[in-house]
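Spelled out from the first residue to the last, the chains are:
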Amino acid sequence: MNNINEIQRFSFDNTNVRGERVLLTDAYQNIISRKSYPKSLEKLLGEFVAAIALLRDIVKIDGVLSIQCKGEGQLKTLMAECDEQQNLRAIAQWDEAQAFPEQASLKELLANGYLVITIEPRQGNRYQGIVEIVGDSLAQCLEQYFFQSEQLPSRVWLAADGTQAAGLFLQRLPAEQAKDGDEDAWERFVHLATTVKDEELLTLDTTELLHRLYHEEELRMYDSKTMQFGCSCSRQRTFDAIASMGAEEIRQIISEEGSIKAECQFCAEVYQFNKEDLDSALGDQAQTH
Ligand SMILES: [Zn+2]
């Protein structure tokens, strides 16, 4: 399969139903290649990345959206984020002392866990919604979230296999936005979507997938948007953060460890600085004394 990293909106004429489909290949592969994740956690990361991509396009704000789960089980935390330029990043932390289960529900993995969805507009206040873990899957939790936050019936399908990550979303808009006719449209579209196999969700491009499902419906597709891996961290920013620790502390770590390593807590990129790299930080610090 070619590299496709796209999200596409669609709707059905003469109904109040809208949808989104996301398909990610190398943007997802880039995210999971940054750490040595257990196979089943790679899949879960893919579901979270597909979920945040969908959320990003549904909640239209100028800013950053993230979805994070936290718990006391083997999975400590998993966070996926997307900004308005469709930059995706995600990271997970788990108990590496134990073998990670190949099959386990989100509830079991997290133990007393919950989800937090954070909407951080460039202007205005940050909003956080807590979502309890319901059912066996992230998709069910998201359906619950949409129902709680927007009171709109929504259905979500997510899949990932370590190479591709994909999601499909359907939502029934409020009745006043309904166009005349077609009372059964929602049930019919949902029923057709439930026939999609994970393999189809992961391998068919959006036009083909939607054609297969809805070729008898008046489907309207909108322009697709390209998504990519992207993290706002950089070597310079990491250097600046290390420099702000002060010359004394930097000298001490260098003398004990030989170098300073810093891992980005959002994308797992590791930046390493040896003594020569840090000379300017040490010099600048020294002059201010
Ligand atoms: Zn980063």
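Residues numbered from 1 in each chain as written. Predicted model: local features only at pLDDT ≥ 70, side-chain atom pairs only at ≥ 80, totals over all residues. Heavy atoms only, no water.

Caption draft 1: Broad picture of the pairing of strand β3 (residues 63-70). Here β3 lies mainly inside the structure; six of its eight residues are buried. The pairing of β3 with strand β6 (residues 114-121) spans eight bridges and is antiparallel. Pairing of C69 across the sheet is with L115, part of β6. Sheet topology note: the β3/strand β4 (residues 75-82) ladder contains six bridges and is antiparallel. Bridge pairing in β4 links S66 to E81. Counting the residues in the hairpin turn of β3 and β4 gives four residues. (Buried < 20%, exposed > 50% of the residue type's maximum accessible area, 1.4 Å probe, protein only. Helix = DSSP H or I, 4+ residues; strand = E, 2+ residues; numbered from the N terminus. Pairing = 2+ DSSP bridges.)

Caption draft 2: Inspection of the pattern of salt bridges at higher detail. The final tally for this structure, using the stated rule, is 14 salt bridges. Residue E84 is joined to R122 by a salt bridge in which the shortest nitrogen-to-oxygen separation is 2.8 Å. Taken together, the residues span a long stretch of sequence, with E84 in the loop between β4 and β5 (87-94) and R122 in the loop between β6 and β7 (127-132) at a distance of 38 residues. Note that E143 and R155 form a salt bridge whose closest N and O atoms lie 3.1 Å from each other. Note that E143 is positioned in helix α4 (residues 138-150) and R155 in strand β8 (residues 154-160), a separation of twelve residues in sequence. The buried category is assigned to E143, whose relative accessible area is 17%. Judged by relative accessible area, which is 28%, R155 ranks as partly exposed. Three or more residues joined by partner-sharing salt bridges are found here, namely R9, E20, D57 and K225. (Salt bridge = Lys/Arg side-chain N within 4 Å of Asp/Glu carboxyl O.)

Caption draft 3: The coordination of the zinc ion, seen in detail. The zinc ion binds to the protein through C231 (SG), C233 (SG), C264 (SG) and C267 (SG), with metal-donor distances spanning 2.2 to 2.3 Å. Written as a sequence motif, the donor residues of the zinc ion are C-x1-C-x30-C-x2-C. C264 gets classed as buried once you look at its relative accessible area, which sits at 9%. (Donors = N, O, S within 2.8 Å, 3.2 Å for Na, K, Ca; no water.)

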